[in-house]
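A look at the structure
Listed below are the residues making up each chain.
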Amino acid sequence: MPSDATEISVPPIPVPQDPHPRDLANCIRALAMDAVQAAKSGHPGMPMGMADIAAVLFSEFLRFDADDPHWIDRDRFLISNGHGSMLLYGLLYLTGYKDMPIEQIRRFRQIDSKTPGHPEYRHADGIETTTGPLGQGLANSVGLALAERIMNATFGDALVDHYTYVFMGDGCLMEGISQEAISLAGHLKLGKLIAFFDDNSISIDGATSLAESDDQMARFRASHWHVLQIDGHDTDAIRAAIVEAQAIKDRPSMISCRTVIGFGLPTKAGTQKAHSDAPGEEEIAGARKRLGWTAPPFEIPQNLLDAWRTIGAKGRQGRLAWAQRVKAAPDGLRQDFERRIRGELPDGWRQAIAAAKREFLDGDKDLATRQASGAVLNHLFDAIPELLGGSADLTPSNNTKAKNQIEIRPGEYRGSYIHYGVREHGMAAAMNGIALHGGLIPYGGTFLTFSDYCRPAIRLAAMMEIRTIFVMTHDSIGLGEDGPTHQPIEHLAALRAIPHLAVFRPGDPIETAECWEAILDAPRRAALLALSRQPMPLLRREPGGENLSAKGGYVLLEAEGGARKLTLMATGSELHLAVAAREILQQDGVSTAVVSMPCRLLFEQQDAAYRRSVLGETTARVAVEAGVEVS
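Here's what I pulled together on the structure shown here. This structure is a prediction, so every number in the text was calculated from the model and none was measured. (Residues numbered from 1 in each chain as written. Predicted model: local features only at pLDDT ≥ 70, side-chain atom pairs only at ≥ 80, totals over all residues. Heavy atoms only, no water.)

**Observations regarding the overall build of the protein**
Helix and strand content of the protein: 24 helices and 15 strands. Here the C-alpha radius of gyration of the protein, 27 Å, is about what a compact globule of 631 residues would show, namely 25 Å. The C-alpha extent of the protein, read off along each of the three principal axes, is 90 × 50 × 45 Å. Counting 64 positive and 79 negative side-chain charges, the protein places the centres of these two groups 3 Å from one another. (Helix = DSSP H or I, 4+ residues; strand = E, 2+ residues; numbered from the N terminus. Rg over C-alpha atoms; globule rule 2.2 N^0.38 Å. Lys, Arg positive; Asp, Glu negative; His and termini not counted. Charge placed at Lys NZ, Arg CZ, Asp CG, Glu CD.)

**Observations concerning the pairing of strand β5 (residues 253-258)**
Counting buried residues in β5 gives 5 out of 6 residues, a clear majority hidden from the surface. The pairing of strand β3 (residues 193-199) with β5 spans 6 bridges and is parallel. Residue pairing in the sheet places D198 in a bridge with C257 of β5. The sheet contact formed by strand β4 (residues 226-231) and β5 spans 6 bridges and is parallel. By the bridge assignment, H226 is partnered in β5 with S253. Following the chain from β4 across helix α9 (residues 235-247) to the adjacent parallel β5, one finds a crossover that is right-handed. (Buried < 20%, exposed > 50% of the residue type's maximum accessible area, 1.4 Å probe, protein only. Pairing = 2+ DSSP bridges. Right-handed = clockwise from strand over helix to strand, strands pointing away.)

**Observations concerning the packing of aromatic side chains**
Scanning the entire structure with this criterion turns up 16 aromatic pairs. Grouped by ring-pair contacts, the aromatic residues F58, F64, F77, Y97, Y163, Y165, F167 and F196 constitute a single cluster. Taking NZ or CZ as reference, K192 lies 4.3 Å from the ring centre of Y163, over its face. Above the ring of Y93, the side-chain terminus of R309 is found at 5.2 Å from the ring centroid. (Phe/Tyr/Trp six-rings, centres within 6.5 Å; stacked < 30°, edge-to-face > 60°. Lys NZ or Arg CZ within 6 Å of the ring centre and 35° of its normal.)

**Re helix α13 (residues 316-328)**
The periodicity of an α-helix, 3.6 residues per turn, causes residues three or four positions apart to be oriented the same way. An ideal rise of 1.5 Å per residue puts 18 Å on 13 residues; α13 measures up with 18 Å between its terminal C-alpha atoms. Along α13, the residues that are buried comprise R319, W322 and V326. Down the axis of α13, the sector holding all buried residues measures 60 degrees, keeping them to one side. Opposite the buried face of α13, by more than 90 degrees, sit the exposed residues Q317, Q324, K327 and A328. The secondary structure elements touched by the buried residues of α13 are α14 (331-342). (Expected span 1.5 Å × (residues − 1). Arc of directions from axis to C-beta. Contact = heavy atoms within 4.5 Å.)

**Points about the sheet that holds strand β13 (residues 566-570)**
Sheet architecture is open: 4 strands sit in the order β12-β14-β13-β15, paired in mixed fashion. Among the strands making up the open sheet, the edge pair consists of β12 (554-557) and β15 (621-624). Neighbour to neighbour, the strand axes of the sheet diverge by 30 degrees on average, direction disregarded. Alignment of β13 against β15, held across 4 bridges, turns out to be parallel. Note that in β15 the partner of L568 across the bridge is V622. Along the sheet, helix α24 (residues 608-615) makes contact with β12, β13, β14 (592-596) and β15, crossing β12 at roughly 20 degrees. (Axes fitted to C-alpha atoms, helices over the stretch in contact; angles between N-to-C directions.)

**What to know about the packing of helix α3 (residues 85-94) against helix α12 (residues 302-313)**
With their axes 8 Å apart at the nearest point, α3 and α12 run at an angle of 90 degrees to one another. Regarding the angle of α3 to α12, the classification is roughly perpendicular. Facing L91, Y93 and L94 of α3, the residues of α12 in contact are L305, W308 and R309. (Parallel < 35°, antiparallel > 145°, perpendicular 65-115°, else oblique.)

**What to know about helix α2 (residues 45-60)**
Helix length check: α2, at 16 residues, gives a terminal C-alpha distance of 24 Å against a target of 22 Å (1.5 Å per residue), a fit within 8%. Most pronounced at A51, the bend in α2 amounts to some 55 degrees. (Bend = angle between axes of the 7 residues up to and from the residue.)

**Considering the pattern of salt bridges**
With the rule as written, the count across this model stands at 41 salt bridges. In this structure, D52 and R22 form a salt bridge, with 2.8 Å as the shortest nitrogen-oxygen distance. Taken as a pair, D52 in helix α2 and R22 in helix α1 (residues 21-39) lie far apart in primary sequence, 30 residues in all. The class for R22 is partly exposed, based on a relative accessible area of 24%. Its salt-bridge partner being E625, residue R496 comes within 2.8 Å of it at the nearest N-O pair. In this pair, R496 is assigned in helix α20 (residues 491-496) and E625 in the segment after β15, connecting sequence segments 129 residues apart. Overlapping salt bridges bring together D65, D67, D68, K98, R316 and R319 as one network. (Salt bridge = Lys/Arg side-chain N within 4 Å of Asp/Glu carboxyl O.)

In structure tokens:
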């Protein structure tokens, strides 16, 4: 077993228990064949190829309790090669997750099932993240592993101490996000991250040699990973590799597993036909014979199902012991830990918003909303310790680092600010992993034009309805001298097109504070803040009061001198232009109202009566925003 191990203290290798891991693995293979064949589509190749690895990992190493899927100190298991979803669904059924009965396996890839073609977060317990776009799960795993280390630095080994395991395929490593993810993980020395590479040399088109000839092990070594290479069907080698990887404390580990895609299929194994085709009845019959599998479709022999259910329950004692450690922790530490795990914000955090508003009112000066956001963060950081900031090498421009934030460094995790480097996509996906872990609220910054680099991860955050906060500055043509490449004229429209994504574009410092409050108020909503580079006047001067921005839109200035004839709607840096235009129109006898619309999504969620009261009865409405016109 070639590896990078030198003078490593390796614990004794566990002795396998009956039944043999190959028998456990064949349960996964049988379910994958049957489900894909019943659906007439799917991807049987990865589940059948990686089944031996999964069987060893779950039966001997993974710490979890199927009866408590949300135990915060469980090990995390992700499949970045999400097309192989039947591996995950099969494991959830076999280990006894209550919302993954055999009926859901039978309904694989059917509408309204919990078993869609690619795993989706919250569709069923045990699905740690939504994966489908290749490489996202790998980058999510970096965020999960980083979150574990940060939480561990705050609360100690007794409360937080677990591994993150991720399966990944050739396609994941071809995607550009993979380089950002493995580089960041290696730099940060995430020793509790272990990745398994399904090295089967097959893609949809055929052999991977059609498109790439990379030395993946050398690539990971260059990013400071510990690297091993094994036969992915040799259960003894799998076991030994995991033991060795766990012994490495200062580097993430990549285990390159040479596998046969579609292992067990008599004519399609090792070919592209095993990747994503239904095997066919004759092929399945041949596979059953080769694997020695005699059970009917969708049936698992009772002795094997009992063994799997025992595996699903083996973490219970560990979980109960952990619960006792939490109970015995000092009161202040325990209360903070439990609050953060529940996703609740500290008492009195809104006072930080009120203090920021007072600062703006007392200062009474023009501010760019990026500056206003930075000022809000200075107040919020002291009030909400779980805020975890960062930037893709644009910290001074994004204003994302609060005054008292400590920077996280390689191997030093007692901090709250991450330098992600110029890795926008990796940053966004890692933040999703941090949000999924629990106990932390990630936000990260770059320029709005570079949201294109982040978009797949932003879209998945919105789909998963998790509280990932994307801080995007330099949000219009008013960004200065950088020119057209940095002018995000189409980006607001493109981002608002993402379902469930709350895009906030505040028009003055007070609205900026309100937008932060609205974002933090919603634990199940991804949000993006579009902030200006150029200064803008203070338009709101009322002290305290209701958060008007939380409704998405409101009347900033009502029409005067009679019934409203015109409604001007604006956001961000164009809001003060709408106010100036209203003054001219009012002087010309046109009764004009100005509506601020910092978040269209939230406005659309208000009741019809409120929306009518804001927009007015007049049908003369003009929207003002610096961007392309979308017809």
